[in-house]
Amino acid sequence: GAKHMGRPNHVHSFSYYFDDDTFEKHPEWYAWNDILGRRIKEGHMCLTNDELCEYVLNKLTAYIEDDLRIEKETGVEIPCFYSLSFADTSFGFCNCEKCKAVIEKSGVSGYSIQFINKIARAIAPKYPRVKVLIIVITTVTAHCQSLNFFATTCSVPSSFLFIFFFQRNTPKTH
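Remember, it's a predicted structure, so these values are computed and weren't measured experimentally. (Residues numbered from 1 in each chain as written. Predicted model: local features only at pLDDT ≥ 70, side-chain atom pairs only at ≥ 80, totals over all residues. Heavy atoms only, no water.)

Enquirer: Tell me about the environment of Val108, residues and numbers included.
Expert: Counting through the fold element by element, Val108 comes out in helix α3 (residues 97-123). C-alpha of Val108 to C-alpha of Gly92: the two residues are 16 residues apart in sequence and 9.9 Å apart in space. The residues contacting Val108, other than those within four sequence positions of it, are Phe93 and Ile103. (Helix = DSSP H or I, 4+ residues; strand = E, 2+ residues; numbered from the N terminus. Contact = heavy atoms within 4.5 Å.)

Okay, structure coming up:
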């Protein structure tokens, strides 16, 4: 049978896409902190950075391609889901002007989902079996726009988990 979760990890996987020296090589990919007046390694990424999006897309594609190679060798189907879940952090989201504008318009979940929608849309034509999974800490139904997008939502403080399949912005509870 198929392995359900793809690499690099099933939850809080976003940090696995980056090497230890990524901050030194690409500080512009990391969150701007208004209080400190600089980008910070400990926070979230700058999700409006197009170069970051392309990098993550290429890394995800490499994981999928490697799993397809293994599928051919072993006959075990590639995973259904690949997680792009962000880490829990108290350092917050990027405060650069572009990110602030998206957060103001769409909220923090919409900000995260806008980034994930780009990835999901880009992989869908070549990998129709693959679904992108994230974890968000709020309701997200208004922002999911890709047919291969799944979100696990956590209602804080109850930590009650739901999985929604978003199809044309209409959730179906599973």
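Picking up where we left off.
Enquirer: Please give an account of helix α2 (residues 50-74) that cites residues and values.
Expert: Taking 1.5 Å as the rise per residue, α2 with 25 residues should run 36 Å; its terminal C-alpha atoms sit 36 Å apart, in good agreement. Within α2, the full set of buried residues consists of Leu52, Cys53, Val56, Leu57, Leu60, Thr61, Tyr63, Ile64, Asp67, Leu68 and Glu71. Summarising the contacts, the buried residues of α2 are in contact with β3 (81-83) and α3. N-cap assignment for α2: the residue whose side-chain oxygen lies 2.9 Å from the backbone N of Glu51 is Asn49. Where α2 terminates, the next one or two residues include Gly75, which has phi positive at roughly 85°. (Expected span 1.5 Å × (residues − 1). Buried < 20%, exposed > 50% of the residue type's maximum accessible area, 1.4 Å probe, protein only. Polar contact = N/O pair within 3.5 Å; in protein donor to acceptor, adjacent residues only side chain to side chain.)

Enquirer: Just give me the short version of the packing of aromatic side chains, but keep the residues and values in it.
Expert: Applying the stated rule across the entire model yields 6 aromatic pairs. Ring centres of Phe93 and Tyr111 lie 5.8 Å apart, and the angle between their planes is 90°; this geometry places the pair in the edge-to-face category. Here the residue Phe93 occupies a position in the loop between β3 and α3, and Tyr111 occupies one in helix α3, the gap between them amounting to 18 residues. Assessed through its relative accessible area of 24%, Phe93 is described here as partly exposed. Members of the aromatic cluster, each reached through a chain of ring pairs, are Phe18, Trp29 and Tyr55. (Phe/Tyr/Trp six-rings, centres within 6.5 Å; stacked < 30°, edge-to-face > 60°.)

Everything listed here is a matter of geometry and, on its own, says nothing about what the molecule does.
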